[in-house]
Amino acid sequence: MFCLSLLDEKWIPVRHFNGQISKIKPSQIADETISDLAYFRPDFQGAAYQFLIGLLQTTFSPEDNDEWLEYWHEGITQAQLDEAFKPAKQAMQFGEHKPAFMQDFTPLDGNKVPISGLLVEAPGENALKKNTDHFIKRDFVKAICPHCAVMALFTLQTNAPSGGQGHRVSLRGGGPITTLMMPALDTSTPLWKKLWLNVMPLDDDEKPQHYDETVFPWLNKTVTSEPPKNLSVFPEQANCCQAYCGMPRRIELDFENTTQGDCDLCGEKSPELISQYQTKNYGVQYKNWRHPLSPYRTDSKTGEPIAIKGQPGGLIYRDWLGMVSTSDETQSARLVAVHYSRGLRASEKYHLWCFGYDFDNMKARCWYEHTFPVYAIFDDLDSDIKELITLALDFSKDTLPILRKAMSSINKQSSTVDIAYWKETETPFYQYIKKLIEEKDNPNGRFPLLFDWTNTLLKYITQVYDKAAFADPDQLMISSEKITARDKLIKDFNKLRNIKKIKNNKSSCLHVGENNMSGTIQKKLMILNDNHKKIIDEWFSMLQLRQCTFNGISYNGRKLRAELRRNALSEFIILQEGYMILAKALIHNDSKLAQTDVQYQALQIFVNAAAFAEANNDKAPFAAQLSEKIKGSERNYLSSLRFQQLLASQNPEEFCRRLIRAVKIRGEKGVNLISLADGIFLWMQEWYEREYKHNSSAKTNPFERLSFRWAMDYFSTKNNSKE
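Residues numbered from 1 in each chain as written. Predicted model: local features only at pLDDT ≥ 70, side-chain atom pairs only at ≥ 80, totals over all residues. Heavy atoms only, no water.

(A) Quick peek at the sheet that holds strand β16 (residues 363-374). The strand order across the open sheet formed by three strands is β7-β15-β16, and the pairing between neighbours is antiparallel. In the strand order of this sheet, the two ends are held by β7 (178-183) and β16, each with one partner. When the angles between neighbouring strand axes are averaged without regard to direction, this sheet yields 20°. Here six bridges tie β7 to strand β15 (residues 350-360), and the two strands are oriented antiparallel to one another. Across the sheet, the residue bridging to M181 is L352, located in β15. Running at roughly 120° to β15, helix α1 (residues 42-59) makes contact with β7, β15 and β16 of the sheet. With respect to the sheet, helix α7 (residues 317-324) is in contact with β7, β15 and β16, its orientation differing from that of β16 by roughly 65°. (Pairing = 2+ DSSP bridges. Helix = DSSP H or I, 4+ residues; strand = E, 2+ residues; numbered from the N terminus. Axes fitted to C-alpha atoms, helices over the stretch in contact; angles between N-to-C directions. Contact = heavy atoms within 4.5 Å.)

Rendered as structure tokens:
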């Protein structure tokens, strides 16, 4: 008859600081050379931590924080643990003889299930019957050794999802999130300390008085939950330590039909490979329990505690505050509050290790693990840090729907938008938190940090939208709908209620800018600079006068302008003195504009257009001026159709002809010549790259492309008509 003592057998794999892997019995965790557990499956690793923490909590819990700290600093010996574990020895027997660890006390006459059914990702009984095990196939695990069977059984009971009619979920519900306190990742901490961080003091009423079924439910007949009674086990009916070893599933492993061979999980040889088990429904139904290692929320309808569960995409910083502190909506694990009260050195850093399955009903979709930073500031009830963090998180939550809506308007909505949003804003969020804590004693320094965080979010959502809407380097025509959607994205952001809180805060003289289409990025010249602007301004001014001086030489500017207009759109324009004067000043004497055919052709287009300008008006960008309404009319100076045609010009001649028309239409209102010139030089550069380099230098940043820059200015102008 097979029997394994879980307290005396070396069955738990561990990793030593020197890299060696060995197996130990539970009391040997006191060995200072052991750095961590060494399970090959992450769910087994997480479950093994909980098993050992539960064993310590049940048999070796300190009376108070002082005793806890004494062990923390002085250490624990194997002899102390051997002595402490003795009362639980009967409950730690695993085998055919009852009572047996995590197995039903009564012999079962239920359905026989392949041993792979203990693994939560295995196809269920119904899937096997209907042949719907498409992704994780049957028979991938046929037989496992007793050591793996122990942990598989404990893992299933701890995480148990819904398993069909009467197959109960775990004490915390299906797929609970477990949160364990851990030392800083860059420290060499022995395993026993990692475990001890998660053991809490218990008072006399909480400590087990007897190690019976009130602690270990497999030591007596199962409190079954068949209808019509549908009995439940409440916390008042058992010892609080049963939270660590809940047994919702009625399971009996088959030790009579074992075989020899290699374990399909760990690969080790065993004379007692287990290949099947029996199961029966209506096991223990737990109700109103709060597991000390899980965060909870309160059901708004029933008032019952509901453990936080795994979800698609895993945990994100949106969940962080609820994991490390308590609020009206969520309560962190009891362990977290105990950790804050221990008085550990401020120099010692800790984090929360969070893990669990994401279940879709009874199907495991994914296993997730995360680490969240833990800050002692949350134990300071007088600090307003938590309030500011909550405000920042509210901002993040309210910003995402705005991005979703904008992306949907251009048919770019996908399930990945949400996940990417939380992942890609996570690092700057924690940077904000660190700075916030650094300013904990400076009230005037904290709120401006929140302002910075709002700008981070605004910058992120506009960049994501721009990439989706405008990143295609072959996109010459930009639709007004895309620009309008971008405008609305920014306007909606600036209407958020939290923005008003920032603006109205007396400690901050800052305000969130509009970040509109004619903002800093748009106004920045791409090709030319301020020196070029000075040259162009002086050159154009010369063309308006009969007698003037340019670079120390006297000219009849009106005559030069007339000659340029007469030779417009002809190859002779480059022979005109008006052109040569500007070419010499702008290109020949300026090393920043290369003396290439591309630059000269761009200058030729500019001179063609500028010669017909009646005024140099720099109050708005050139493209924005084209979308202004004609005085006394509802029409734009240049209709949106003709503007799109301008952007879609196929060659320099076509582009030049359409530009001259646009400049003439502006009449006495004039145009912004430096904006026009910069756009022409950029267009010419892009055209050359398309024609001769096959987009080898095409810019994926939309703000560096003319079509996007001009479309932003045109469609975002406040005076733009709605034709």
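(B) Structural context of the environment of F470. Its place among the elements puts F470 in helix α12 (residues 443-470). F470 sits in the buried class, given a relative accessible area of 0%. F470 sits 13 residues away from I483 along the chain, and the two C-alpha atoms are 9.7 Å apart. (Buried < 20%, exposed > 50% of the residue type's maximum accessible area, 1.4 Å probe, protein only.)

(C) Fine view of a negative patch on the surface. Negative charge collects at one region of the surface, where E63, D64, D66, E70, E74, D203, D204 and D205 lie side by side. Its location among the elements puts D64 in the loop between α1 and α2 (65-74). Taking the relative accessible area as the measure of exposure, D64 reaches 35% and is therefore partly exposed. (Patch = residues over 30% accessible without salt bridge, like charges linked within 9 Å, V, L, I, M, F, W, Y side chains within 5 Å. Areas by Shrake-Rupley, 256 points an atom, 1.4 Å probe, with all protein chains shown as cover. Salt bridge = Lys/Arg side-chain N within 4 Å of Asp/Glu carboxyl O. Lys, Arg positive; Asp, Glu negative; His and termini not counted. Charge placed at Lys NZ, Arg CZ, Asp CG, Glu CD.)

(D) Just the sheet that holds strand β3 (residues 21-24), in detail. Overall, antiparallel pairing links the three strands, which are arranged β3-β2-β4 in an open sheet. Whereas interior strands pair on both sides, the edge strands pair on one side only; in this sheet they are β3 and β4 (34-37). The average undirected angle you get between the axes of adjacent strands in this sheet is 45°. Sheet analysis places strand β2 (residues 12-16) next to β3, joined by four bridges and oriented antiparallel. Residue pairing across strands places V14 opposite S22, the latter belonging to β3.

(E) Highlighting a nonpolar patch on the surface. A cluster of nonpolar residues, F572, I574 and L575, forms a patch on the protein surface that exposes about 280 Å² of accessible area. Tracing the sequence through the fold places F572 in the loop between α17 (557-566) and α18 (577-588).

(F) Geometry of the pattern of salt bridges. Applying the stated criterion to the full structure yields 24 salt bridges. For D398, the salt bridge identified is with R497, shortest N-O distance 3.0 Å. A residue pair is termed long-range when its members are at least 10 positions apart, and D398 in helix α9 (residues 385-409) and R497 in helix α14 (residues 497-504) qualify at 99 residues. One salt bridge in this structure joins E538 and K534, with 2.8 Å as the shortest N-O distance.

(G) Local environment of helix α23 (residues 673-692). Taking 1.5 Å of rise per residue, 20 residues should cover 28 Å, and α23 covers 28 Å from first to last C-alpha, within 8% of that figure. Extensive coverage of α23 is indicated by the burial of 15 of its 20 residues. Between the side-chain oxygen of the N-cap and the backbone nitrogen of I674 there are 3.4 Å, and the N-cap of α23 in question is N672. (Expected span 1.5 Å × (residues − 1). Polar contact = N/O pair within 3.5 Å; in protein donor to acceptor, adjacent residues only side chain to side chain.)

(H) Here's a closer look at the nonpolar core. Counting 219 residues, the largest nonpolar core has F94, W320, F429, W539 and F606 as the members making the most contacts within it. Listed in part, the seven residues of the second largest apolar core include L171, V233, A243 and W289. (Core = buried A, V, L, I, M, F, W, Y, C linked by side-chain atoms within 4.5 Å.)

(I) Examining the packing of aromatic side chains more closely. Taken as a whole and assessed by the stated rule, the structure comprises 48 aromatic pairs. A ring pair is formed by Y286 and W289, whose centres lie 5.8 Å apart and whose planes are at 90°; its orientation type is edge-to-face. Residues Y286 and W289 agree in their burial class; the two are buried. An angle of 50° between the planes, with centres 4.3 Å apart, marks the rings of F470 and F708 as tilted. Of the two residues, F470 sits in helix α12 while F708 sits in helix α24 (residues 706-715), which places them 238 residues apart along the sequence. On the basis of relative accessibility, which here comes to 0%, the residue F708 falls in the buried class. Through pairs of rings, three or more aromatic residues link up here, namely Y317, W320, Y375, F378, Y421, W422, F429, Y430, Y432, W453 and Y460. Across the ring face of Y296, the terminal group of R290 is positioned such that the distance to the ring centre comes to 5.4 Å. (Phe/Tyr/Trp six-rings, centres within 6.5 Å; stacked < 30°, edge-to-face > 60°. Lys NZ or Arg CZ within 6 Å of the ring centre and 35° of its normal.)

(J) The pairing of β16, seen in detail. Across 11 bridges, β15 lies against β16 in antiparallel orientation. Bridge assignment links D360 to a residue of β16, and that residue is K363. Linking β15 back to β16 in an antiparallel pair, the connection comprises two residues, with N361 at a positive phi of about 60°.

(K) Geometry of helix α5 (residues 146-159). With 14 residues, α5 ought to run about 20 Å at 1.5 Å a step, and its terminal C-alpha atoms sit 20 Å apart, in line with that. Of all 14 residues in α5, 14 are buried; the element is thus mostly enclosed.

(L) Layout of the environment of G632. Within the element layout of this structure, G632 appears in the loop between α20 (622-626) and α21 (640-647). Distance from G632 to Y579, taken between C-alpha atoms, is 37 Å for residues 53 residues apart in sequence.

(M) Structural context of the side chain of S225. Position of S225 relative to the elements: it lies in the loop between α6 (191-196) and β8 (250-253). In this structure the side chain of S225 is engaged in a polar contact, spanning 2.8 Å, whose partner is the side chain of R168. Within polar-contact distance, the side chain of S225 engages the backbone oxygen of G283 at 2.7 Å. Non-local contacts of S225, meaning those with residues more than four positions away in its chain, are made with R168, N230, L231, Y282, G283 and Q285.

(N) Expanded view of a positive patch on the surface. On the surface, R546, R558, R565 and K664 cluster together into a patch of positive charge. Overall, K664 belongs to the partly exposed group, its relative accessible area being 47%.

(O) Structural detail: unusual backbone geometry. Cis geometry marks the peptide bond from K98 to P99, where omega comes out at 0°. Along the chain, P99 falls in the loop between β5 (93-95) and β6 (111-114). Of the consecutive residues P227 and P228, the connecting peptide bond is found in the cis state with omega at 5°. Mapped onto the elements, P228 comes out in the loop between α6 and β8. Not every positive phi belongs to a glycine, and Y282 is a case in point at roughly 65°. Secondary-structure assignment places Y282 in the loop between β11 (276-280) and β12 (296-298). A residue is classified by how much of its surface remains accessible, and Y282, at 14% relative accessible area, is buried. Of note in the backbone geometry, N551 takes a positive phi value of approximately 55° without being a glycine.

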